[in-house]
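Observations on the model geometry
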Amino acid sequence: QVQLAESGGGSVQAGGSLRLSCAASGYTLSSACMGWFRQAPGQEREGVAIIDRAGRTSYADSVKGRFTISKDGAESTLYLQMDSLKPEDTAMYYCASVSRAVCTLSVGLFVFWGQGTQVTVSS
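Okay, so let's go over this structure. (Residues numbered from 1 in each chain as written. Predicted model: local features only at pLDDT ≥ 70, side-chain atom pairs only at ≥ 80, totals over all residues. Heavy atoms only, no water.)

Here we look at the sheet that holds strand β8 (residues 77-82)
- Here we have four strands laid out as an open sheet, ordered β1-β3-β8-β7, and antiparallel in their pairing. The outermost strands of the open sheet, each flanked by one partner alone, are β1 (3-7) and β7 (67-71). Between one strand axis and the next, the sheet turns through 15° on average, direction left out of account.
- For β1 and strand β3 (residues 18-25), the ladder comprises five bridges, and the chain directions are antiparallel. Each residue of the ladder has a partner; that of glutamate 6, found in β3, is cysteine 22. (Pairing = 2+ DSSP bridges. Helix = DSSP H or I, 4+ residues; strand = E, 2+ residues; numbered from the N terminus. Axes fitted to C-alpha atoms, helices over the stretch in contact; angles between N-to-C directions.)

Here's the deal with the side chain of glutamate 6
- Within the secondary structure, glutamate 6 sits in strand β1.
- No salt bridge is formed by the buried glutamate 6; its nearest oppositely charged neighbour, arginine 45, is found at 7.5 Å.
- Here the side chain of glutamate 6 touches cysteine 95 through a polar contact of 2.9 Å, landing on its backbone nitrogen. (Buried < 20%, exposed > 50% of the residue type's maximum accessible area, 1.4 Å probe, protein only. Lys, Arg positive; Asp, Glu negative; His and termini not counted. Salt bridge = Lys/Arg side-chain N within 4 Å of Asp/Glu carboxyl O. Polar contact = N/O pair within 3.5 Å; in protein donor to acceptor, adjacent residues only side chain to side chain.)

Digging into the nonpolar core
- The biggest cluster of nonpolar side chains holds 28 residues, and the ones touching the most others in it are Trp36, Leu80, Met82 and Tyr93.
- When contributions to this core are tallied by element, the ones reaching two or more residues are β3, β4 (33-39), β5 (46-51), β7, β8, β9 (91-98) and β11 (117-122).
- With four residues, β3 is the single largest residue contributor to this core.
- Excluding anything up to four places from it in sequence, tyrosine 93 contacts Glu6, Leu20, Phe37, Arg38, Val48, Phe67, Leu80, Met82, Gly116, Thr117 and Val119.
- Within the second largest apolar cluster, eight residues are counted, among which are Cys33, Ala96, Val98 and Phe110. (Core = buried A, V, L, I, M, F, W, Y, C linked by side-chain atoms within 4.5 Å. Contact = heavy atoms within 4.5 Å.)

Written out as structure tokens, the structure reads:
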């Protein structure tokens, strides 16, 4: 099975940038559908971005043009580059994976989850 650990969260002013990382062990990233999700206080967890085995990506409409999901050459680390951050991006961010050919932004699809890293964007 896959074990995931996020890092890179923190506090930043609106308009700033952060890069989140997710270290993976067990199955390689190339063998799985991987994604980033976020959850704000009192809100349901929502999909942010996903990347499949072939490197194809999909993004939530709210982050298109601002966030970029990627994985390293060894495919042991997943990244989320976040630019032009807004206060509404404030949330706990989680990385997740599932060993399936299908890959969508659906929270219910994913089986393995990290512990999360907090992102706070101030006005």
